[in-house]
Amino acid sequence: MTATAAEAGRKPASMAQALNRALRDAMADDPTVHVMGEDVAELGGVFRITDGLAKEFGEERCGDTPLAEAGILGTAVGMAMYGLRPVVEMQFDAFAYPGFEQLISHVARMRNRTRGAMPLPLTIRVPYGGGIGGVEHHSDSSEAYYLATPGLQVVTPATVADAYGLLRAAIASDDPVVFLEPKRLYWSRADWSPDAPEPVAELGRAEIRRPGRSATLITYGPSLPVCLEAAEAATAEGWDLEVLDLRSLVPFDDETVCASVRRTGRAVVVHESSGFGGPGGEIAARVTERCFHHLEAPVLRVAGFDIPYPPPMLERHHLPGVDRILDTVSRLQWESDWTEGSGD
Amino acid sequence: MTATAAEAGRKPASMAQALNRALRDAMADDPTVHVMGEDVAELGGVFRITDGLAKEFGEERCGDTPLAEAGILGTAVGMAMYGLRPVVEMQFDAFAYPGFEQLISHVARMRNRTRGAMPLPLTIRVPYGGGIGGVEHHSDSSEAYYLATPGLQVVTPATVADAYGLLRAAIASDDPVVFLEPKRLYWSRADWSPDAPEPVAELGRAEIRRPGRSATLITYGPSLPVCLEAAEAATAEGWDLEVLDLRSLVPFDDETVCASVRRTGRAVVVHESSGFGGPGGEIAARVTERCFHHLEAPVLRVAGFDIPYPPPMLERHHLPGVDRILDTVSRLQWESDWTEGSGD
Amino acid sequence: MTVLEQRGSRRSGSYWPAPPPAWRPRVDPAPLLPDAEPYRLLGTDAAGRIDAALLSDLYEQLVRGRRYNAQATALTRQGRLAVYPSSTGQEACQVAAARVLKEQDWLFPSYRDTLAAVARGLDPVQALTLLRGDWHTGYDPHEHRIAPLCTPLATQLPHAVGLAHAARLKGDDVVALALVGDGGTSEGDFHEALNFAAVWQAPVVFLVQNNGFAISVPLAKQSAAPSLAHKAVGYGMPGRLVDGNDAPALHEVLGEAVERARRGGGPTLVEALTYRIEAHTNADDATRYRTEAEVEEWREHDPIALVERELTERGLLTDDFVQRTRDGAEELAAALRDHMNQDPALEPMDLFAHVYAEQTAQLREQAAQLRAELEAEASDAEGATEGDIAGGSARGAAGEERP
Amino acid sequence: MTVLEQRGSRRSGSYWPAPPPAWRPRVDPAPLLPDAEPYRLLGTDAAGRIDAALLSDLYEQLVRGRRYNAQATALTRQGRLAVYPSSTGQEACQVAAARVLKEQDWLFPSYRDTLAAVARGLDPVQALTLLRGDWHTGYDPHEHRIAPLCTPLATQLPHAVGLAHAARLKGDDVVALALVGDGGTSEGDFHEALNFAAVWQAPVVFLVQNNGFAISVPLAKQSAAPSLAHKAVGYGMPGRLVDGNDAPALHEVLGEAVERARRGGGPTLVEALTYRIEAHTNADDATRYRTEAEVEEWREHDPIALVERELTERGLLTDDFVQRTRDGAEELAAALRDHMNQDPALEPMDLFAHVYAEQTAQLREQAAQLRAELEAEASDAEGATEGDIAGGSARGAAGEERP
Ligand SMILES: Cc1ncc(C[n+]2csc(CCOP(=O)(O)OP(=O)(O)O)c2C)c(N)n1
Ligand SMILES: Cc1ncc(C[n+]2csc(CCOP(=O)(O)OP(=O)(O)O)c2C)c(N)n1
Ligand SMILES: [Mg+2]
Ligand SMILES: [Mg+2]
């Protein structure tokens, strides 16, 4: 996109607005796109992401379902079998769990099972993550489950522009996409033009959000702003951190990630999800496999603790914050001349 | 255990027999132990692990349930709330998925939710893994899901003796344990004494099954025999491989694992479960974090491919086998003097 | 001559051969079906048989309940509760559910049912920890025989069945009563729980509070059944339909169901027709999906007003009784307000205390990390200016715009 | 004077005040309830109205089905099928389910329903790939409008509902018929599917083949309901109970349900009472949980014998017809045997071909790895003696004792 086109008509927009616009545009462009879920019609969803869609496209295109997540996902599978492109809303992360059998045993496998004869172009929107003071079951970071399920694409935006572009791409994909929406960024804002929206993004590409030479912070979704803040704070300590936004966990952009780590020689993976068995392990392992001789230090992880998501009054202690990131960066064995980086 | 006690009355027994005996002994020792699931009573389970229990203890202690896994797990939660110690059988790995909401949202969290007031001493037996020619949904390696769920213990035996000892320990645990039974080892045999069974094992301890100096194969469950076979074959190439059986994935025995890797300086993680987002990533990452300067090469992984479990006629291509393990071992950057190992 | 061996024909104008061998109707469906009209006592000829003491007790509880709901809602406005799903309008269900249970029985509430827990005797402050943002369950479930408030819909129902089943296996005299909403009946767990209960003949009573909505979704989009109570026959248990704003009627029907369960007669499904007068929670905007006129219609059918009339009718609604009732309710509200205005003291290290019976090595490491951070924070704070003391992790969450 | 404003009493011997406003019975439950006795035609006075051509067609299909079942079971003994869940004894359900559908309609079979797929016209070899150990679905579902055979119980039911709903939204004349077992009715997905179907008025028919067992678990441990068809009223759809071994009766009831769905009349739940004559699969030992006497009782109620008698009664069971039928069945069996005796040629690289529309970089890497391994295997094999050519990964699985 050219700078002029992209900047035309830009004004502050929230991630929620960008997501809403992506749904609207997708529905307008393609009559097979159907939005479904709990409270998505008249209410516009509890986060108002589907606001106005039922009015504009009718409840046949954006309809409330009975309250049953396996049923929602299972009927969406049937609708996709018949050539529709359902976009399912799970109301909160933890309320996607009742649908896991449908997700794992069918959504992820139908194309493979039928050797390509029956693809399922299905988008499953899941608001995820904490930091909004939600009571139990409203703040889970459930991405590890999706990640470990071959056949799913797993995508998560961290910026307003990506909320639009990646959701359009997810809906356009001929494969099922679990689209993780970082709920505490719903009201984050950026200058963005709903009238000349970015073209549909490509799935599977990471983006460097802040170039740097000392080390790479590898992150995604809700932790991107925290990492950017940490990178700013790090300059005071003399560290020039690169911040990499994965955007897509599956497929994984090994190329961009490894290029960055090879350049900086050090990396920290940052996410909210519990550390043990979480995405960070996979990311650290594959970076190490691919960049071992470029690493000055082991790839470290900053993650949520290995505990059930805590009550709101304690959540700030659980969530990776700037200090914890900087502490971890400081453990990247800086005896050597870190200001030069260590890449080849 | 003394050698004499352990060897008294030893004769060939299968893992299935040892598991059966563990259930029987646990039920005899503790009247609060209740076995429940699909087909566990008269049939003795489709793998016959519960054979004879209904006859011996009555259907109130070993009872068939209606066919509904969320219901099985959910009612077991209620039974545990009332002070029973339910041992639930999930018929196959993929048929545990309907119970995931109960597992993630309740089983794993009840103790924490109630600050210790309401522990759930619950064992969930799940036959897992492939290699038995099972049709679709009968060969999943689902451990990544359990691993990523704080509050669960995740245990898997690889030997006949451990089948008994670890299952007794799981049932005795005051926390929920997902007990993964490698179904293709059900009919593996070893000399073992059902009449003087090993004492109840401690959960959370790994075991070195074959000492070696060149590199450590870190594995568990169904892949242990394959790794042992690979280690034997490796001697022909001059490699003396250590084989480490994790036994418990949660809690994880960092101590034993790191001690081994520090000694050998090289490690390969081997499991059937898909690589991406699987346990191997976590294991490789934590070993690297803890032993970075002892590593001569990155920790590598041999895992199932990132695909839905294949049809039986193709499964041998998917499962980690001896050749693939040896190929991977050969990529551990052996230019340096590997026969000495590289530990401190 | 034929593929299968021929047997002689016996067609004779009536059934031949015998019906399929499996066909032995297992139970008579008729008694399992709900009556065509919801059961009611107040305002009917049968109202006279309501025990006066019960009527007064229910009245007191309803008034306290209404006041409790108002106070809790007020606390959300003051930022003292994170969220409150009010049961205003549903007090009869809440109160009756609590009052039909004996000491040893168990209550399985959902997130909306803190009032039922309070009516059973739980301290309101303890009942509200979850909704306050404090620890998930603020009481010992075993002490009060109240399961933790359950947020994932219908998932508490199999727990109730399992607990009741376990008690029965142990020979204990325990009944479990589980609450669920109309929306919750659509979940698979509802189905599985009721089926297990009926097959096991577990001593459990299911009370569906049909308040017409699941957040914004009206019942008509939730179910096409004649009534939710009609689901019972499909499990082989009785289904009962009750006016959910008629506290004595509910008390009678639930009481009968509980006693039937206690006697070994198995489970019952009770559907109470009621209405959620407030929005779904304080965060919800109900004007998006329903009219004020509909709410008004239900205000006319208020559970407190219904009991009041019967009390008036009998001359029991004396000034003194009304005053005492009001005073009791105000006392409850004042105590709640006072307690909730104190900041709870949560211990961050408790994050690691109850994940497992015994802390794992990994959690010990993580606890040590947090302890070090807290110490660093504390020593930073000593020298720092105000507003600068939040830990690093708070920075990320701070500064976000909230809806 | 009172807590709430007083309104004048109007007690008048009849209902007062009005019932709760929500109470408008939505549908009349009576027509939704199944009859007390399973519906039957054969052997009753009504048998005369069965169309002769239909009767002959059903007969042919049943005989072919029986033969197909026998052949498939034989193939398991020869190691040509990994596993076979036989529908012997249930042929009437299988055949009727297939025959009531039009070309454009969809069938949603479970793992036991390969015969229904074959009766709909699918090539038996294609129907059996899953059970052979070959690829999961051996046919293009769109070509035959037969969904993939579904193993996770009841999970195909919401698919059927979604597909039928989508077709209706598009204005297409399509009905979906979904098969499920008695055991499968206990799953949450059964509940959710039926509820969605009724709320959406989707053109879908659910056929429960109640064959008395879920593997070893008899119906009495599965459900306490008067009948499984009684579940329908709880969703607001008609429930019908049919003799599942009476093919014309089933054909009529299913046909009516399909036509009702086609006309926009919404879904129907049909329970067919039948019996699984063989063990659960060839791997199962049925003597552990049921008596030969029970099986015998059902053999007396054989679906083929029932039709034969009606044909005999009408003089339609001629030697010629019987011979032609038998020949057709033998032909089917022979073709199946011949095809299954050929080893299928699976391409290992296909493991990576259809995981995603476009292969990811990771899968490309992994495919390259496998390709290299296969090449190494092949070149090893050239020099190697027989028995030494299995790939490394085969070694691990080899040498295990099988049950
Ligand atoms: C499994 C699950 N899905 C979704 C939600 C989100 N949610 C919370 S309350 C609610 C509506 C519940 O309606 P109903 O069961 O009628 O109870 P009510 O709120 O009317 O008391 C929803 C959808 C949830 N808590 N659990
Ligand atoms: C979700 C799930 N749980 C368990 C199983 C294992 N299983 C396969 S068949 C079967 C019994 C099914 O009984 P029923 O539904 O009556 O069908 P039938 O076998 O009698 O045709 C079971 C438990 C499964 N396939 N799916
Ligand atoms: Mg409701
Ligand atoms: Mg059956």
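Just so it is clear, the structure is predicted and the values come from calculations on it, not from any experiment.

Re the coordination of the magnesium ion (ligand 4)
Residue and element names in this part refer to chain D.
- Donor atoms from the polypeptide that coordinate the magnesium ion (ligand 4) comprise Asp182 (OD), Asn211 (OD1) and Phe213 (O), at 1.9 to 2.1 Å from the metal.
- The sequence pattern formed by the donor residues of the magnesium ion (ligand 4) is D-x28-N-x1-F. Within this pair, whereas Asp182 is found in the loop between β2 (176–181) and α8 (188–200), its partner Phe213 is found in strand β4 (residues 213–214), the two being separated by 31 residues in sequence. Across the pair, Phe213 and Asp182 agree in class, each one buried.

What about the pattern of salt bridges?
- Applying the stated rule across the entire model yields 100 salt bridges over all chains.
- Two residues, Asp254(B) and Arg290(B), come together in a salt bridge whose shortest N-O distance is 3.7 Å. In this pair, Asp254(B) is assigned in helix α10 (residues 254–264) and Arg290(B) in helix α11 (residues 279–291), connecting sequence segments 36 residues apart.
- With relative accessibility at 23%, the residue Arg290(B) sits in the partly exposed group.
- Residue Glu103(D) is joined to Arg145(D) by a salt bridge in which the shortest nitrogen-to-oxygen separation is 3.4 Å. Of this pair, Glu103(D) sits in the loop between α2 (91–99) and β1 (106–108) while Arg145(D) sits in the loop between α6 (141–144) and α7 (156–170); the two residues are 42 residues apart in sequence, bridging distant segments of the chain.
- Residue Glu103(D) is classed as exposed on the basis of its relative accessible area of 60%.
- For Arg145(D), a relative accessible area of 17% puts it in the buried group.

A closer look at the site of ligand 1
- Within the structure, ligand 1 sits among 21 residues, and Glu69(A), Tyr111(C), Arg112(C), Asp182(C) and Asn211(C) are positioned closest to it.
- In isolation ligand 1 exposes 580 Å². Once the protein is present, 96% of that is buried.
- Partitioning the shell around ligand 1 into residue classes produces 8 nonpolar, 7 polar and 6 charged.

A few points about the site of ligand 2
- Taken together, the neighbourhood of ligand 2 is formed by 21 residues, with Glu69(B), Arg112(D), Asp182(D), Gly183(D) and Asn211(D) sitting nearest.
- Around ligand 2, the neighbouring residues derive from chains A, B and D rather than from a single chain.
- One of the backbone nitrogen or oxygen atoms of Thr151(D) is found 2.9 Å away from a nitrogen atom of ligand 2.
- A distance of 2.8 Å separates an oxygen atom of ligand 2 from a polar atom in the backbone of Gly184(D).
- When ligand 2 sits alone it has 580 Å² of accessible area, and the protein chains cover 96% of it.
- The residue makeup of the shell around ligand 2, split by class, is 8 nonpolar, 7 polar and 6 charged.

With respect to the interface of chain A and chain B
- Opposite the 48 residues of chain A that make contact, chain B presents 48 residues.
- Across the chain A to chain B interface the summed buried area is about 4100 Å²; carbon plus sulfur atoms make up 60%.
- Together, Tyr145(A), Phe276(A) and Phe292(A) form the three largest contributors to the area buried by chain A at its contact with chain B, with a combined 18%.
- Taken together, the connections running from chain A to chain B amount to 8 salt bridges.

Quick look at the coordination of the magnesium ion (ligand 3)
All names here are of chain C.
- Protein-derived ligands of the magnesium ion (ligand 3) are Asp182 (OD), Asn211 (OD1) and Phe213 (O), with the metal-ligand distances lying across 1.9 to 2.1 Å.
- Linear spacing of the donor residues for the magnesium ion (ligand 3) on their chain is D-x28-N-x1-F. Considered together, Asn211 and Phe213 belong to a single accessibility category, that of buried residues.

Quick word on the side chain of His191(D)
- Relative to the elements of secondary structure, His191(D) occurs in helix α8.
- Here Tyr235(D) takes part through its side chain, which lies 2.8 Å from a polar atom of the side chain of His191(D).
- In contact with His191(D), not counting residues within four places along its chain, are Thr185(C), Ser186(C), Glu187(C), Gly188(C), Phe190(C), His191(C), Lys231(C), Tyr235(C) and Tyr235(D).

Details of the relation of the copies chain A and chain B
- Overlay of chain A on chain B (RMSD 0.0 Å): rotation 180 degrees, translation along the axis 0.0 Å. Put plainly, the chains are arranged around a two-fold axis.
- Most of the interface of chain A is mirrored in chain B, where 100% of its interface residues are also at the interface.

A look at the pairing of strand β2 (residues 176–181) of chain C
All names here are of chain C.
- Of all the 6 residues making up β2, 5 are buried; the element is thus mostly covered by neighbouring parts of the structure.
- Pairing of strand β1 (residues 106–108) with β2 involves 3 bridges; the strand directions are parallel. For Leu107, the partnering residue across the bridge sits in β2 and is Leu177.
- As paired elements, β2 and strand β3 (residues 204–210) share 6 bridges and run parallel to each other. Its bridge partner being in β3, Ala178 is matched across the sheet by Phe206.
- One crossover worth recording links β2 to the parallel β3 by way of helix α8 (residues 188–200), and it is right-handed.

Focus on the domain arrangement of chain A
Residue and element names in this part refer to chain A.
- The domain architecture assigned to chain A consists of domain 1 (3–192) and domain 2 (207–330).
- A straight line from the C-alpha centre of domain 1 to that of domain 2 covers 25 Å.
- Each partner contributes to the roughly 1900 Å² buried at the junction of domain 1 and domain 2, and carbon and sulfur atoms together form 59% of this total.
- Seen at the junction of domain 1 and domain 2, the total is 3 salt bridges.
- Put simply, Glu272 and Arg184 hold a salt bridge, and the shortest N to O gap is 2.5 Å.
- For the interface between domain 1 and domain 2, the tally reads 11 residue pairs in polar contact (both at pLDDT 80 or more).
- Elements represented by at least two residues in the side of domain 1 that touches domain 2 include exactly α7 (143–147), β6 (153–155) and α8 (160–172).
- Looking at side-chain class alone, the side of domain 1 that touches domain 2 contains 13 nonpolar, 10 polar and 4 charged residues.

Observations concerning the sheet that holds strand β6 (residues 239–243) of chain D
All names here are of chain D.
- Strand order across the open sheet formed by 5 strands is β1-β2-β3-β7-β6, with parallel pairing between neighbours. Sheet topology places β1 and β6 at the edges, where each strand pairs with a single neighbour. Mean inter-strand twist for the sheet, computed between neighbouring axes without regard to direction, equals 20 degrees.
- Note that strand β3 (residues 204–210) and strand β7 (residues 268–273) share 6 bridges and pair parallel. Bridge pairing in β7 links Gln209 to Ala272.

Here we look at the sheet that holds strand β9 (residues 207–210) of chain A
Residue and element names in this part refer to chain A.
- Taken in spatial order, the 5 strands make up an open sheet running β9-β11-β10-β13-β14, and their pairing is mixed. With one partner strand each, in any of the chains shown, β9 and β14 (300–304) form the two edges of the open sheet. Taking the axes of each pair of neighbouring strands and ignoring which way they run, one obtains an average angle of 25 degrees across the sheet.
- In terms of strand pairing, β9 meets strand β11 (residues 241–245) through 3 bridges, oriented antiparallel. Paired with Arg210 across the strands is Val243, a residue of β11.
- Against the sheet, helix α13 (residues 322–330) engages β10 (215–219), β11, β13 (267–274) and β14, with an angle of about 160 degrees to β14.

The rules behind the values
Residues numbered from 1 in each chain as written. Chains lettered and ligands numbered in written order. Predicted model: local features only at pLDDT ≥ 70, side-chain atom pairs only at ≥ 80, totals over all residues. Heavy atoms only, no water. Donors = N, O, S within 2.8 Å, 3.2 Å for Na, K, Ca; no water. Helix = DSSP H or I, 4+ residues; strand = E, 2+ residues; numbered from the N terminus. Buried < 20%, exposed > 50% of the residue type's maximum accessible area, 1.4 Å probe, protein only. Salt bridge = Lys/Arg side-chain N within 4 Å of Asp/Glu carboxyl O. Near = heavy atom within 4 Å. Areas by Shrake-Rupley, 256 points an atom, 1.4 Å probe, with all protein chains shown as cover. Nonpolar A, V, L, I, M, F, W, Y, C, P; charged D, E, K, R; others polar. Polar contact = N/O pair within 3.5 Å; in protein donor to acceptor, adjacent residues only side chain to side chain. Contact = heavy atoms within 4.5 Å. Buried area = accessible area lost by both parts, 1.4 Å probe. Least-squares fit on C-alpha atoms with pLDDT ≥ 70 in both. Pairing = 2+ DSSP bridges. Right-handed = clockwise from strand over helix to strand, strands pointing away. Domains from an automatic or database assignment. Axes fitted to C-alpha atoms, helices over the stretch in contact; angles between N-to-C directions.

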